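# A structural walkthrough
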Amino acid sequence: MSSQTLSTQDPPEQLQTEEDSSATLCSPYFDEGGITIYHGDCRQILPMLAKADAILTDPPYGLGGSTDKANYESFSDDENDVEALVKFVLASGKADRVILTPGQKMMFRYGEPTAVGAFYYPAGSGSCSWGFVGWQPIFYFGKDPRLQDGKGRAMNSFQSTESAEKNGHPCPKPVGQWARLMLRTTREGETIIDPFMGSGTTLVCAREHNRKCIGIEIEEKYCEIAANRLAQRLLF
């Protein structure tokens, strides 16, 4: 599939923030059993989607091509570009509950979340100017569904020693780790949007835990990886 994409150099005020009645939603790249993939720019596709129960996403980290984790062909992983994209998603109104992992470099650019949690990595080997990095932030916007349902308080941070599978994406999330976050922040049967789908870990977790999910990805090669992961799991 092909999709016209917007330049990531567009200033935030030029980004589409309201549904354009003349726009037409492209055909899904993958659509099976409540799991849908759209190939294209989230700034074009997200406004045309119905409101979901939650947005759960791991956006780019604004690394600017400095590592292999910023290896994108259709997107400049520049700090200002990433900030504009994530703020667009937060302002989209497509879910009252938003959970994202902003990365340490970008975490102070998105405004104050409702709550902050973390993934703690006791064996973390990432480095910074003050040594090894052993955690990554989790931002929570909106209301806690557990408290809304009268189930009481639960931990909003998680320890993880799981490694991500090597699937061709520069920075995939480990499935078990991401599933724990999904189960903590969404209800069975709910619809989730991931506007920065990558290799489709959010969609894989949603299928395995009885959620519906819509993923958006600007790079077709990652749409293909995600679709293949989902198709393989249908066989078992």
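In case you missed it, the structure is sitting above this.
For clarity, every value in this text was computed on a predicted model and none was experimentally measured. (Residues numbered from 1 in each chain as written. Predicted model: local features only at pLDDT ≥ 70, side-chain atom pairs only at ≥ 80, totals over all residues. Heavy atoms only, no water.)

### Some points on the state of the cysteines
Note: disulfide means a covalent bond formed between the sulfur atoms of two cysteine side chains. Condition: Pairs of cysteine sulfur atoms within 2.5 Å are what we label disulfides.
As enumerated under the stated definition, the model contains 0 disulfides in all. Cys223 provides the cysteine sulfur closest to Cys26, a residue in no disulfide bond, and the two sulfurs are 9.3 Å apart.

### Digging into the packing of aromatic side chains
Under the convention used in this document: Two aromatic rings from Phe, Tyr or Trp, using only the six-membered ring of Trp, form a pair when their centres are within 6.5 Å; if the ring planes differ by under 30 degrees the pair is stacked, by over 60 it is edge-to-face, and anything between is tilted. Think of it in three bands: residues with accessible area under 20% of the maximum for their type are buried, residues over 50% are exposed, and the middle band is partly exposed, with areas taken using a 1.4 Å probe on protein chains only.
Summed over all chains, the structure comprises 4 aromatic pairs. Both rings, one in Phe119 and one in Tyr121, keep their centres 6.5 Å apart while their planes meet at 25°; by these two values the pair is stacked. Overall, the relative accessible area of 1% leaves Phe119 in the buried class. Aromatic side chains Phe139 and Phe141 sit 6.3 Å apart centroid to centroid with 70° between the ring planes, which places their arrangement in the edge-to-face category. Under the relative-accessibility criterion, Phe139 is labelled buried at 2%. Taking relative accessible area as the criterion, Phe141 reaches 15% and is therefore assigned buried. The rings of Phe119, Tyr121, Phe158 and Trp178 are connected pair by pair, giving a single aromatic cluster.

### Concerning empty space enclosed by the protein
Convention followed: A cavity here means a set of points on a 1 Å grid, drawn over the protein atoms and nothing else, where a 1.4 Å probe fits but cannot get out; a pocket is an open set with protein on both sides within 12 Å along at least five of seven lines, and a residue lines either one if it has an atom within 4 Å of a point. Grid points are joined across faces, edges and corners, and a volume is the space filled by probe spheres set on the points. Gly counts as polar in this scheme, as do all residues outside two lists: the nonpolar Ala, Val, Leu, Ile, Met, Phe, Trp, Tyr, Cys and Pro, and the charged Asp, Glu, Lys and Arg. A run of H or I in DSSP becomes a helix once it reaches four residues, and a run of E becomes a strand once it reaches two; helices and strands are each numbered from the N terminus.
In the structure shown here, the tally under the stated rule is 2 cavities of 30 Å³ or more. As a volume, the largest cavity reaches approximately 410 Å³. Contributing to the lining of the largest cavity are 31 residues, with Asp58, Phe196, Met197, Gly198 and Glu217 lying nearest its centre. Looking at the lining of the largest cavity residue by residue, the class counts come to 16 nonpolar, 9 polar and 6 charged. Around the second largest cavity, the lining residues are Thr57, Val86, Val89, Leu90, Val98, Leu100 and Phe196. Mapped by element, the contributors of at least two residues to the lining of the second largest cavity are α2 (79-91) and β4 (98-100). No other element matches the 3 residues that α2 contributes to the lining of the second largest cavity. For the lining of the second largest cavity, the per-class residue count stands at 6 nonpolar, 1 polar and no charged.

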